[in-house]
Amino acid sequence: MKKLLYIFIFVIAVLATNNSYAQCGSCDVTIFNNGNGNNTPPSLADGQTICITAGNRNRAINLRNRSNLTICVAPGANFSGALQNYNNNNRITINVFGTYEANLILNNLNSEFNVFAGGSYDNRGNLRVDRGQVTNAGTITRPIDIRNGSTYLNTGLHTGNLTLRNNAVLTNEGIIDINNFTIQNNPTIFNSPSGTIDVNNNVTFRGTILNEGNIIIDGSANIQNGSNFSVLNSGRFEVDDNINLRSGGTLVTSNPFNQNPPARIIATNINLQNNGSGHSLFISENTIVDLSRNLIIGGPFPVFVNGELNIGRNLNINNSGGGDPTRLTIFDSGQVMVSRDLISNRRIELNDNASLSVGRDLTINNTGSISDNNITLNDNSSLTVSRNTTVNRPINVNGSSSVLLDGDLDIRNVGGAGLNFNDNSFFSVEGETDVRGPLIFSDNSIADFFNDVNLFNVGNSRIELYDNADILITADLTAQNFGSIVIVRDNSQFVICDARNPNGTVEGSFPPSSRWGSNIDPSPAYYGGCRILPVEFLSFQSTYQLAKRTGFLEWSTSKEWENSHFEIERAINSVDSWIKIGEIQGQGFTDSPTSYSFEDINLPIQGGNIFYRLKQVDFDGTISYSKTTAIQVEGLKGNKSWRVYPNPTSGYPFQIGLLDPSSYRDESISIRIISPTGLYQFIQVDDLRSMGSQVGDWLSNQPSGLYTLEIIWGENREYHKVILRR
C-alpha cells in the first residue's frame, strides 16, 4: 500500500512539474535545480531548447557557442545567472514566463527577447539590442537599449529606463512608466490608442512619433533635429512644463475621422525657438491645444491653426528671423483664444471663418514693413479684443469679416498704421478711438463707434468712406482744423449722434463740406439724425456655448421708458440681411436695472460669423437698435445628408439638421430610435424644424446610454449614433 502511495505522489509531482513549464513547449534540456556549475550537457546542439524550471537559478549556463538556441524561463522559475560561451551574433530566442534577472546583448536580426503575460525582467540586469526584437506582455523593470532598426513591442508594463537610437522602432500598446527616456538618431515611436507613455523627467524627441494614446511628460519636451511629432485621432500629449520646437522639429495634431474625444495637446508654454530652421506647429481640424501660459513664436517658423488653440496667458510673435513673414495662420473655422495679451511683430492672417479673440490688449508693434507686419482677415473671419488695441501697422479686413473692440482704439502716427475695411465687413468699437492714421471703409462696410472719435491733426490722420459704407458715431467726433481729413463718397452714410439734434445743435452736414481737408458728397452721402432712446443699455454680449452648440445672449438696462419689447435679430456672415429669431417682453417703465437673456438653439449647420442685435420697440411702434455683437461658430461637417447635434446630449437642446438640401425633396420623414436594450420608438416627423425637438423630448425621459437614430425619408435611410448623458 505504501508503495502505491509513493508512486501516486511521484506521478502527481511529475505532472505538476510538466505543467509548470508546458508553455515552453518541447524541451531538449531541462535545468530544474541550481546545480553545481554548468548543467548543460556536452551534446548541446544548434536549434535546441533549454528550459529553466529551477526556482532560483543563479549559476551560469554554458551555451557552447551554439546558434539558434531557445531559452525558456518557465512560470515560477527565476534565472539570474550568466550565459557563458554565448556569441551575441548568433541567433537566440529567450522566452520569459517566470523571471529573468541577467545582462543580455542581442546582435542578430532574428534574435528575440520575449516576456509573456505573468513573466518579468526584474531586479538585475540590462538588455541591449543591437539587432533583434523585444516583446513584453508582462513586466519589465530593467533598462533596455534598442538600437540599429531593432524593434520593441510593449503590451504589458515597462518601468525601467528606455533608450531608442539609430532607427529603432517602439510600438507601445501597454504602459511605459519610466524616469528617463533617451531618444537619439531618428527612431520611430508608435503609441497606440491603448498605450500610455509617462516619463518623470525632461525628454528630447527625435525621429518620428505617432501618438494615438497618451504621452505624459513630467518636465519639458524638446522636439528637434527634424523630428515629426503627431498627435492623432483621440491621442493626448500632456507636458507639465514647456514644449520647445527647434532645429526643424514639427508638432502636428490630426483627427481626420472626427473622433471623440479629439486629439489634444496640453502644456504650460509652447516655444518656437529662434534656433535652426524648419520647425512648425500645425493644429488640424477637430483637435485642441491648451496652454496654461504662453505661446511664443520666436523666429521665422509658422503656426497653422485649423482646430482650436487656447492660450491661458499671452501670445508673443517676436521680430526675429527672415523667411515668410506670416507667423500665424488661422483658417477653415480655426479658433485662437488668448486670455491675456497679444503682441505682434510679424504677420497674422485669418481665412475662411477663422476667429481670433484677445482677452486683454492687442498691440501691433512698429517693426518691419507693412507687408511683413499686419493683421489680415478674409472670408467671414473675426477678431475680438476685450480691452485696448494699439495699431502701429495695418489691419486689413475683407470679405464680410468683423472686428469687435471692447476697449479703446489707438491708431498711431507711424508709417503704415491704419485700418482698412472692405467687402461688407463690420467694425465695432466700445471705447474711445484716437485716429492718427487712415481709417478707411468701402464696399458696403459698416462701423459703430460707441464713444468719442478723435481725429488728430497729424501725419496721415483721416476717415474715408466709399461705395455705400455706413458709419455711426453715437458719441462725438473731434476733428482738428488742419491736417485731419474726412471723405464721404459714393452714397456712403456718416452719422454723428452727439452733434445732431435732438442731443446736439447741428443740422445738415457735419463736418461742413467746406471745411479744409473734407470732401463730402451731397445727401444722401451724409445724412441722418439721432433721437433720445427709450432704453439705456448697460451691457449686451453674446457667447458661443460649444458643448450645447448654442448662442447665449445677455443684456441689461439701467432704465426703460415706454419699452414694449425686444426683438432678437440675427445675421449670418454679413450684417446686410437680418432676421427675427425671438422676442422678449420689456418692463415698460422702470428706473431700476433689469437683466435679460436669450438662447439661440438653432445655429446654422454651416457655421460662420453669427451677428446679433436687439430691436427695441416702443408701445407706439417706434424702434431703435442696440449695438451688434458676434460669435464664431464652427460648421458641422459630414458626408451624410443629416446631422444630429449636440452629441453627446441630455435630450435638450437636440437638433437634426439637413446637411445636403439636394438629398431631400419634401418626402415624409419618420425616425426610429433604437435603445441600448434593443427596444425602439417610432416618431412621425411633423416638419423639418421640429424633428430635433420631437426626438429630444423622447430622449429626455430615457436612461443614459448609446442610442441609434434611423432617419427614413422616401426610399432613403440613414443611421446616427447618439450618446445620451444625464
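Scroll up for the structure.
Below you will find a few notes about this structure. Everything numeric here is computed off the predicted structure, so don't read it as measured data.

In this section: helix H2 (residues 691–699). In terms of burial, H2 is a largely internal element, seven of the nine residues being buried. Buried within H2 are the following residues: Met691, Gly692, Gln694, Val695, Gly696, Trp698 and Leu699. Each element contacted by the buried residues of H2 is listed here: strand E69 (642–645), strand E70 (655–658), strand E71 (669–674), strand E72 (680–684), strand E73 (705–713) and strand E74 (716–724).

Nonpolar side chains collect at one region of the surface, where Trp561, Phe589 and Phe619 lie side by side and expose about 390 Å² of accessible area between them. Tracing the chain through its elements places Trp561 in strand E63 (residues 550–572). Of the residues examined, Trp561 reaches a relative accessible area of 55% and is grouped as exposed.

Taken together, the side chains of Asp177, Asp218, Asp240 and Asp241 define an acidic patch exposed on the protein surface. With respect to the element layout, Asp240 can be found in the loop between strand E27 (236–239) and strand E28 (242–245). For Asp240, a relative accessible area of 45% translates into the label partly exposed.

Aromatic ring pairs: the centre-centre distance and the angle between the two ring planes describe each pair. Tallying each qualifying case throughout the model produces 25 aromatic pairs. On the basis of an interplanar angle of 85° and a centroid distance of 6.1 Å, the ring pair of Phe205 and Phe237 is categorised as edge-to-face. Of the two residues, Phe205 sits in strand E22 (residues 203–205) while Phe237 sits in strand E27, which places them 32 residues apart along the sequence. For Phe205, a relative accessible area of 2% puts it in the buried group. Phe237 gets classed as buried once you look at its relative accessible area, which sits at 0%. Between the aromatic rings of Phe229 and Phe237, the centroid separation amounts to 4.2 Å while the plane-to-plane angle is 25°, which identifies the pairing as stacked.

Cut-offs applied
Sequence order sets the numbering: in each chain, residues are counted from 1 along the sequence as written. Owing to the predicted nature of the model, reporting of local features is limited to residues with pLDDT of at least 70; listing and counting of side-chain atom pairs is limited to 80 or more, with chain, interface and lining totals taken over all residues. Water and hydrogen atoms play no part in the side-chain values, which are based on all heavy atoms of the structure. Only protein chains enter the accessibility calculation, which uses a 1.4 Å probe; a residue whose area is less than 20% of its type maximum is buried, one above 50% is exposed, and one in between is partly exposed. Strands are runs of DSSP state E lasting at least two residues, helices are runs of H or I lasting at least four, and both sets are numbered from the N terminus onward. In what follows, a contact means two residues having at least one pair of non-hydrogen atoms within 4.5 Å. For patches, a residue must show more than 30% relative accessible area and have no salt bridge; joins then use 9 Å for like charges and 5 Å for nonpolar side chains, namely Val, Leu, Ile, Met, Phe, Trp and Tyr. In these tables, accessible area is a Shrake-Rupley quantity obtained with a 1.4 Å probe, and a residue counts as shielded only by the protein chains included in the view. Salt bridges are identified by distance alone: a Lys or Arg side-chain nitrogen within 4 Å of an Asp or Glu carboxyl oxygen. When charges are tallied, Lys and Arg are placed among the positive residues and Asp and Glu among the negative ones, while His and the ends of the chain are skipped. Charge coordinates come from a single atom per side chain, which is NZ of Lys, CZ of Arg, CG of Asp or CD of Glu. Here the aromatic set is Phe, Tyr and Trp, taking the six-membered ring for Trp, and pairing holds for ring centres within 6.5 Å; pairs whose planes are under 30 degrees apart are stacked, those over 60 apart are edge-to-face, and all others are tilted.

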